[in-house]
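Given next are the chains, with one letter for each unit.
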Amino acid sequence: MNDTSKNILLSDVQGQGFLSIFNDLSSELMPHELSLLELMEGLDYNGFDSSLKRDASVDPKDMAIIIIYSYMMGHTSSRSIERLCRRDLFIVSVLRGTPAPDHTTINRFIKRNGKQIEDLFYQVVNKLGDIGELGCETVFQDGTKIESRAGKYTFVWKGFVEKNADKCEARLRKLLRTSNRLGLSILCEEGLDFTSVYTELLDVKDRIEGLGLDLDAPAGRGRRLDPKVKLYRLVSEDLRKIRDYDEAIAMIGENRKSMSKTDPDATFMRMKEDAMMNGQLKPAYNLQCASDSNYIVGCTISCDRTDYETCIPMMEKLDQKLGWKYSNYCADSGYDTVRNFNYLEKNGYTPYIKPQDWEIAKTRRYMNDIGKYQNMEYNRDEDFFVCANGRKIARVGSGEDKRSGSSYGVYRSCEPCEGCPLKEKCMKTSKKESKEFQAYMEHWDLRKKARDLLESDKGVEIRVNRSIMAEGSFAQMKGNNKLRRFSSFGIERAFTEWLLMAFAVNVKHYANRRYNYNLDDPDWYEKKPA
């Protein structure tokens with residue numbers, strides 16, 4: 001950077017008070033340092049918890065600047081940030097003679113101020129919008145999976161836990177019958193709900209404890225335990241197991257099938273980075289980013305293995321946090337659900353979502369497959385299909401896919417397909433006598449609308465920008481900044497770590513545009529004429 005450019009940048013911000021703390025060092029500031037100070041100036045820091053340590057005298061604003069600057073320089077651990085505070089001249093100038101915070105203070109600040117850091121992030125996004133850095137018309141969403149700090153082999157599978165819980169319940173019912181034979185209970189387990197069985201066995205356990213027996217008597221060869229002591233031990237063990245099973249099922253919840261023992265918020269997912277090349281699952285989080293003009297304008301985190309349920313939370317957060325409303329929404333085929341389409345259209349967004357069959361529908365094999373209902377003639381008024389042989393396939397039932405929220409109809413041929421010359425091509429491996437399939441007509445219509453939008457001139461232009469803007473932020477965070485695995489446990493702390501990285505990426509992008517004098521002209525790649 002030459003002296004003329006540096007002086008121009010300094011003259012732009014000195015009158016606003018951004019560099020008043022730097023004195024003689026102001027002439028040595030780099031563009032990313034200037035940009036960080038400019039974006040952090042004038043924000044609301046009142047919500048930050050400053051009670052970090054008895055002798056901690058670092059202002060919350062200064063601490064936020066130090067942490068974000070450290071993330072920009074590739075230092076993400078609290079100990080690494082502590083070392084940087086002692087040798088980096090920019091941070092020394094920010095501290096203004098105050099002793100450098102230690103790693104405990106830095107870690108505590110990040111841990112206690114997760115919501116405040118998120119609020120600060122959206123304050124900066126709104127500031128970027130106010131100065132004309134964002135297009136504020138089209139938002140691009142995409143997601144990625146980042147590995148949790150939990151161990152790779154700490155999995156708890158919901159199906160396995162439920163299976164063992166059922167076995168444990170059967171054993172406890174059997175133990176209640178045993179307690180009846182020993183005269184410790186009078187309840188019959190047949191017809192009782194499990195809650196009553198569980199409560200009664202707790203009472204049986206208390207009764208045995210009140211008998212004065214030696215409950216710690218050694219067991220083994222040549223020793224005969226009292227039947228009541230043996231019952232006590234079996235009941236105690238299974239009651240403990242059923243409590244552990246119930247706790248694990250409650251922690252996993254209804255919307256996922258696994259969790260990690262050391263990080264219960266993490267779900268085991270299939271990752272692109274597979275060190276053992278055997279498709280093994282790893283504990284991870286699903287991180288979502290909304291992008292505009294190569295800036296990250298929104299972030300969410302979830303435990304979902306897919307992106308189906310991440311569109312609506314993202315758009316609700318943007319409506320709540322941003323000072324403007326987007327008119328266009330663009331995403332890849334991972335967000336292609338009826339629920340997402342209906343929400344976007346209801347709330348005034350034009351959905352540019354790529355259908356899941358976008359690529360395969362263009363192939364000759366797909367278009368020539370007479371067994372697919374998409375290639376059959378459809379009578380919308382009377383709701384029936386006509387197969388390639390001219391036979392009527394009428395609707396006989398309906399259902400709903402709970403995962404995607406789309407309803408479907410069950411269609412069956414009105415006459416048996418035996419003897420049809422096209423049966424082998426139409427039904428292939430099916431052994432049924434008549435053609436039968438499920439048709440997602442609502443989803444089919446929405447996909448037709450999406451194709452029309454994506455194939456328009458504006459749709460093509462938006463698709464070109466999606467591959468650049470949505471994927472570019474992940475390239476910065478995962479490729480350049482090496483964020484491949486979180487260093488903290490828990491979904492809240494992982495989200496804070498992700499927000500800080502997104503914060504750093506935005507500042508670096510703003511610094512690059514400021515240095516090249518491209519401000520007030522949001523990034524948008526126009527389609528070149530043929």
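### So, a nonpolar patch on the surface
The grouping of Y153, F155, W157 and F160 at the surface amounts to a nonpolar patch, some 450 Å² of accessible area in total. Position of F160 relative to the elements: it lies in helix α8 (residues 158-181).

### Concerning the pairing of strand β1 (residues 138-147)
For β1, the buried fraction is high: eight of the ten residues fall into the buried class. Of the pairings in the sheet, the one linking β1 to strand β7 (residues 328-331) comprises three bridges and is parallel in character. Bridge pairing in β7 links T138 to N328.

### Points about the confidence of the model for the protein
For the protein, the mean per-residue pLDDT works out to 87, and 92% of the residues sit at or above 70. Low pLDDT, under 50, characterises residues 1-19; the stretch is placed with 30 contacts to residues that sit more than four places away or in other chains. Contacts of residues 22-26 to residues separated by more than four positions or lying in other chains number nine contacts, the stretch itself having pLDDT below 50.

### Structural notes on the nonpolar core
Counting 84 residues, the largest nonpolar core has M40 and W498 as the members making the most contacts within it. Residue contributions to this core peak at twelve residues, all from helix α17 (residues 491-515). When near neighbours in sequence (up to four residues on either side) are disregarded, M40 contacts Y45, K61, A64, I65, I68, L120 and F503. Residues A165, L176, V204 and L231 belong to the second largest nonpolar core, which totals 25 residues.

### Looking at the sheet that holds strand β11 (residues 392-401)
Taken in spatial order, the five strands of this open sheet run β9-β10-β11-β12-β13, and their pairing is antiparallel. Looking along the sheet, the strands with just one partner apiece sit at the ends: β9 (377-379) and β13 (436-439). Put simply, the sheet's adjacent strands are angled 35° from each other on average, direction ignored. Alignment of β11 against strand β12 (residues 406-413), held across eight bridges, turns out to be antiparallel. Directly across from D401, in β12, lies its bridge partner S406.

### Looking at the pattern of salt bridges
For the structure on display, the rule yields 27 salt bridges. The shortest N-O distance in the salt bridge between R171 and D238 comes to 3.1 Å. Of this pair, R171 sits in helix α8 while D238 sits in helix α10 (residues 227-252); the two residues are 67 residues apart in sequence, bridging distant segments of the chain. Salt-bridge contacts for E418 lead to K423; the nearest nitrogen and oxygen are separated by 2.9 Å.

### A few points about empty space enclosed by the protein
Scanning the entire structure with this criterion turns up two cavities of 30 Å³ or more. Here the largest cavity defines a volume of roughly 110 Å³. Looking at the largest cavity, it is lined by 14 residues, and the ones nearest its centre are C387, C417, C420, C426 and K435. Considering each element in turn, the lining of the largest cavity owes the most residues, three residues, to helix α14 (residues 423-427). Its residues placed into classes, the lining of the largest cavity shows nine nonpolar, two polar and three charged.

### Points about the packing of helix α9 (residues 194-209) against α10
Taken N-terminus to C-terminus, the directions of α9 and α10 make an angle of 140°; their axes are 10 Å apart at the nearest point. Considering the angle they form, α9 stands oblique to α10. The handedness of the crossing between α9 and α10 is left-handed. Here α9 contributes F194, Y198, L201, L202, V204, K205, I208 and E209 to the contact with α10, which in turn contributes K228, L231, Y232, V235, S236, L239, I242 and R243. Classifying every residue of the contact of α9 with α10 gives eleven nonpolar, one polar and four charged.

### Topic: the packing of aromatic side chains
Under the defined criterion, the tally for this structure stands at 23 aromatic pairs. Relative to Y122, the ring of F121 lies with its centre 5.2 Å away and its plane at 80°, an arrangement referred to as edge-to-face. The two residues F121 and Y122 agree in class, both being buried. Taking the centre distance of 5.5 Å and the plane angle of 75° together, the rings of F385 and F437 count as edge-to-face. Here F385 is found in strand β10 (residues 384-386), whereas its partner F437 is found in strand β13, with 52 residues between them in sequence. By relative accessible area, which is 0% here, F385 ends up buried. Through a chain of ring-to-ring contacts, three or more aromatic side chains come together here, namely Y373, Y378, F385, Y411, F437 and W444. Of note, K392 hangs over the ring of F384, and the distance from its end group to the ring centre comes to 4.6 Å. K448 extends its terminal NZ or CZ atom over the ring of W444, reaching a point 4.4 Å from the ring centre.

### So, helix α15 (residues 441-455)
Taking 1.5 Å per residue as the helical rise, α15 with its 15 residues ought to reach 21 Å, and the 21 Å between its terminal C-alpha atoms agrees with that figure. Taken together, the buried positions of α15 are occupied by M441, H443, W444, L446, R447, A450, R451 and L454.

### Side note on the pairing of β11
With three bridges joining them, β10 and β11 adopt antiparallel strand pairing. Residue pairing across strands places F384 opposite A394, the latter belonging to β11. Between the antiparallel neighbours β10 and β11 lie five residues, among them G390 with a positive phi of about 85°. The antiparallel pairing of β11 with β12 creates a hairpin that spans four residues between the two strands, and G405 there sits at a positive phi of about 75°.

### Notes on the side chain of E147
Along the chain, E147 falls in strand β1. Setting aside residues up to four positions removed in sequence, E147 forms contacts with K152, M271, K282, P283, A284, R484, R485 and F486.

How each quantity is defined
- Residues numbered from 1 in each chain as written.
- Predicted model: local features only at pLDDT ≥ 70, side-chain atom pairs only at ≥ 80, totals over all residues.
- Heavy atoms only, no water.
- Patch = residues over 30% accessible without salt bridge, like charges linked within 9 Å, V, L, I, M, F, W, Y side chains within 5 Å.
- Areas by Shrake-Rupley, 256 points an atom, 1.4 Å probe, with all protein chains shown as cover.
- Salt bridge = Lys/Arg side-chain N within 4 Å of Asp/Glu carboxyl O.
- Helix = DSSP H or I, 4+ residues; strand = E, 2+ residues; numbered from the N terminus.
- Buried < 20%, exposed > 50% of the residue type's maximum accessible area, 1.4 Å probe, protein only.
- Pairing = 2+ DSSP bridges.
- pLDDT = per-residue confidence, 0-100.
- Contact = heavy atoms within 4.5 Å.
- Core = buried A, V, L, I, M, F, W, Y, C linked by side-chain atoms within 4.5 Å.
- Axes fitted to C-alpha atoms, helices over the stretch in contact; angles between N-to-C directions.
- 1 Å grid on protein atoms, 1.4 Å probe; cavity = no way out; pocket = protein on both sides within 12 Å on 5 of 7 lines; lining within 4 Å.
- Points joined across faces, edges and corners; volume = space filled by probe spheres on them.
- Nonpolar A, V, L, I, M, F, W, Y, C, P; charged D, E, K, R; others polar.
- Parallel < 35°, antiparallel > 145°, perpendicular 65-115°, else oblique.
- Left-handed = near helix turned anticlockwise from the far one by under 90°.
- Phe/Tyr/Trp six-rings, centres within 6.5 Å; stacked < 30°, edge-to-face > 60°.
- Lys NZ or Arg CZ within 6 Å of the ring centre and 35° of its normal.
- Expected span 1.5 Å × (residues − 1).

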